[in-house]
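A look at the structure
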Amino acid sequence: MASTPEPEDGRELYALLHLSPDASDEEIRRAYRQYAQIYHPDKYLDPQMKEVATENFQRISDAYEILSDENKRQIYDIYGMEGLNSGLELGPKLTKPEEIKEQLERLRRRKEEEKLFAHARPNGSIIANFSVPQYLDGYGIMKGMGMSSEVELPVSKQNTVVVGGNLVVNGSEGTGAASTVLRHQLSSVSSIEFMATAGLRSVIGMQTSRQISPHSTATSGLAVSLRDGSINLSNAWTRQLSENAVGNIQLVLGDESSVSVGWQKKDEKSTATGEIKFGTNFFGATAHYVHRFSSKSHARVAGRVGSTALDFEIGGGRRISEFSTVRMMYNIGIQGVSWRFELHRAGQKLIIPVLLSTDLNALFVTSAFAIPSTLYFLLQTYVVKPYYLKREKQKTLEKMEGLSTQLTEARKAAKKAQKLLEPVSNRKKNRQLENNGLVITKGLYGNRKKIKESGEFNEIDDDVASQVFDVTIPLNFLVTEAGQLKLHEGIKKSGIMGFYDPCPGDPKLLLVEYTFHGRKYKVEISLVATIFYAQIFLTVWFADR
């Protein structure tokens with residue numbers, strides 16, 4: 001039998017009313033009336049039975065309301081319940097599925113834009129500089145502090161405003177600046193920015209960017225100082241060198257003319273970057289390498305050399321939550337030996353550099369690196385790793401307990417639904433017996449391996465019983481007056497009234513034992529997840545095979 005892919009939403013509403021996705025309006029009404037006669041709450045006096053009937057009657061009523069409405073049904077067929085629950089609405093003139101799909105896409109994009117524009121994207125950092133030598137000399141340990149903040153505000157799909165500012169305090173002196181950028185997307189391959197900065201360096205400027213080929217981008221900028229009227233021109237070219245590597249060249253002409261060449265390579269496990277820069281009165285080169293041991297931890301090595309800098313840095317970081325990462329770096333250079341602690345959370349950063357010594361004493365340099373490294377590995381081995389293993393184990397247990405609870409509730413709900421189906425199911429069964437027709441004597445649905453391991457299915461132990469469910473009653477209920485049982489193609493069978501999925505994600509098996517014209521038959525239908533691969537007719541067609 002040829003396989004048929006299951007729709008993303010599983011067609012649960014069709015399964016609930018036992019309908020084909022191609023069912024006519026009359027078939028939908030007939031199916032609803034059939035189930036409504038069974039599950040209408042007014043038929044039951046017992047409080048518990050009435051409660052079960054009310055719950056299931058609401059389910060079939062909701063399904064009927066959607067499937068009997070042409071527009072709602074078309075939305076459901078295309079996008080499932082997500083499309084209906086998202087509040088999407090259609091105009092009265094849309095009748096063709098293509099028109100409806102186009103309108104839904106347009107409305108979805110609009111809602112996504114509204115959601116995007118409703119939230120500003122803030123970024124900020126705080127830098128607190130500490131100096132141990134300054135403290136030992138009798139001064140305060142705080143050497144300086146800096147703060148910067150930036151908020152990106154989408155104005156429309158093509159326009160974005162970025163507002164930012166910074167403040168730096170060093171000893172008794174301080175400075176600050178505020179900036180505004182207007183970014184306009186000209187097309188899918190080009191954009192333009194206008195910027196203005198007020199503060200110690202008041203500047204206005206503009207910058208344009210364009211993708212000049214599938215692998216190359218060019219950027220040009222112009223900046224004018226409001227203090228002395230000086231002009232700076234910049235041009236940059238970026239090219240994709242390979243699948244994981246990017247190269248760039250930048251030329252700046254003005255008071256601080258320079259040319260720089262950079263390179264970056266990034267893959268799943270590592271990132272490496274380097275840059276060489278030459279100016280009219282300076283030169284410099286930087287490089288850094290990051291290796292990711294896992295999704296939670298990484299190591300970093302970096303170095304700088306030039307006319308004003310010479311230092312080496314090594315350290316690492318670890319993700320401590322979904323949005324937070326901590327880092328510790330060790331730095332040695334011409335300014336001395338220092339540590340740097342960082343906390344990154346979403347778009348916010350807290351950076352704390354601590355200058356330990358300005359003297360490059362060999363013993364101190366070694367100790368400043370060895371002591372925190374040793375403490376880190378001890379904590380990682382005996383505290384952090386056991387803690388995370390314990391937490392992951394706890395999460396797994398909680399997930400399993402939650403799934404077990406859900407399955408238990410689903411089994412109870414299916415049994416309750418079967419209890420109300422049973423009287424009608426028995427009447428249909430007796431009628432088929434009288435006519436020597438199709439009678440389901442046993443129906444089992446669940447884990448394929450467990451059902452096969454149970455041998456002849458005469459005895460099912462507790463382990464098998466938890467992953468197998470008896471569906472004899474609903475199968476007999478679905479037998480038609482003509483002695484035919486039809487299970488529709490592409491429909492989640494776990495959604496049928498009286499069914500449920502006892503082992504989500506595992507391969508399934510439906511075992512059906514039945515009699516027809518007094519003869520006994522058995523058929524096994526393999527399923528992947530909850531998909532039947534073809535329409536199944538348990539009639540003499542099976543007997544003849």
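Residues numbered from 1 in each chain as written. Predicted model: local features only at pLDDT ≥ 70, side-chain atom pairs only at ≥ 80, totals over all residues. Heavy atoms only, no water.

The name given to the chain in an unreviewed UniProt entry is J domain-containing protein, with Urochloa decumbens as the source organism. In the Subcellular location (unreviewed entry) part of its UniProt record, the chain is described as follows: "Membrane". (UniProt positions renumbered as here; feature names shortened; annotations may be inferred.)

A short note on the overall build of the chain
Counting its secondary structure elements, the chain contains 11 helices and 23 strands. Classification of the 545 residues of the chain by burial places 35% in the buried group. A separation threshold of at least 6 residues defines the contact pool for the chain, and within that pool the share at least 24 residues apart is 42%. For the chain, the accessible surface area stands at approximately 32800 Å², while carbon and sulfur atoms represent 56% of it. (Helix = DSSP H or I, 4+ residues; strand = E, 2+ residues; numbered from the N terminus. Buried < 20%, exposed > 50% of the residue type's maximum accessible area, 1.4 Å probe, protein only. Contact = heavy atoms within 4.5 Å. Areas by Shrake-Rupley, 256 points an atom, 1.4 Å probe, with all protein chains shown as cover.)

Focus: the side chain of serine 225
Looking at the secondary structure, you find serine 225 in strand E7 (residues 216–225). Within the structure, the side chain of serine 225 is placed 3.3 Å from the backbone nitrogen of arginine 227, a separation counted as a polar contact. Apart from the residues lying within four places of it in its own chain, the contact partners of serine 225 are Ser202, Val203 and Ser230. (Polar contact = N/O pair within 3.5 Å; in protein donor to acceptor, adjacent residues only side chain to side chain.)

Structural notes on the packing of helix H3 (residues 47–67) against helix H7 (residues 362–434)
Between H3 and H7, the shortest axis-to-axis distance is 10 Å and the interhelical angle comes to 100 degrees. It follows from the interaxial angle that H3 and H7 lie roughly perpendicular. Taken together, the residues of H7 that come into contact with H3 (itself represented by Met49, Val52, Ala53 and Asn56) are Lys416, Ala417, Lys419 and Leu420. The residue inventory of the contact of H3 with H7, partitioned by class, reads 5 nonpolar, 1 polar and 2 charged. (Axes fitted to C-alpha atoms, helices over the stretch in contact; angles between N-to-C directions. Parallel < 35°, antiparallel > 145°, perpendicular 65-115°, else oblique. Nonpolar A, V, L, I, M, F, W, Y, C, P; charged D, E, K, R; others polar.)

Focus on the pattern of salt bridges
Scanning all chains against the criterion turns up 13 salt bridges. In this structure, arginine 304 engages aspartate 311 in a salt bridge whose closest nitrogen and oxygen atoms are separated by 2.6 Å. Connected via shared salt-bridge partners are Arg300, Glu313, Arg327, Arg340 and Glu342. (Salt bridge = Lys/Arg side-chain N within 4 Å of Asp/Glu carboxyl O.)

What about empty space enclosed by the protein?
Within the structure shown, the criterion is met by 1 cavity of 30 Å³ or more. Estimates place the volume of the largest cavity at around 30 Å³. Along the walls of the largest cavity sit Ala15, His18, Leu19, His488, Ile491, Lys493 and Ile496, which together make up its complete lining. A breakdown of the residues in the lining of the largest cavity according to their chemical character gives 4 nonpolar, 2 polar and 1 charged. (1 Å grid on protein atoms, 1.4 Å probe; cavity = no way out; pocket = protein on both sides within 12 Å on 5 of 7 lines; lining within 4 Å. Points joined across faces, edges and corners; volume = space filled by probe spheres on them.)

So, the packing of aromatic side chains
Here the structure, examined in full by the defined rule, presents 9 aromatic pairs. Where tyrosine 14 meets tyrosine 76, the ring centres are 6.1 Å apart and the plane angle is 45 degrees; that geometry is what we call tilted. Taken together, the positions of tyrosine 14 in helix H1 (residues 12–16) and tyrosine 76 in helix H4 (residues 70–85) put the pair 62 residues apart, joining distant regions of the chain. Residue class for tyrosine 76 comes out buried when judged on its relative accessible area of 1%. Their ring planes at 45 degrees and their centres at 5.6 Å tell us that tyrosine 35 and phenylalanine 477 sit as a pair that is tilted. In this pair, tyrosine 35 sits in helix H2 (residues 25–39) while phenylalanine 477 sits in helix H10 (residues 472–478), placing the two residues 442 residues apart along the sequence. Phenylalanine 477 carries the same exposure label as tyrosine 35, and that label is buried. (Phe/Tyr/Trp six-rings, centres within 6.5 Å; stacked < 30°, edge-to-face > 60°.)

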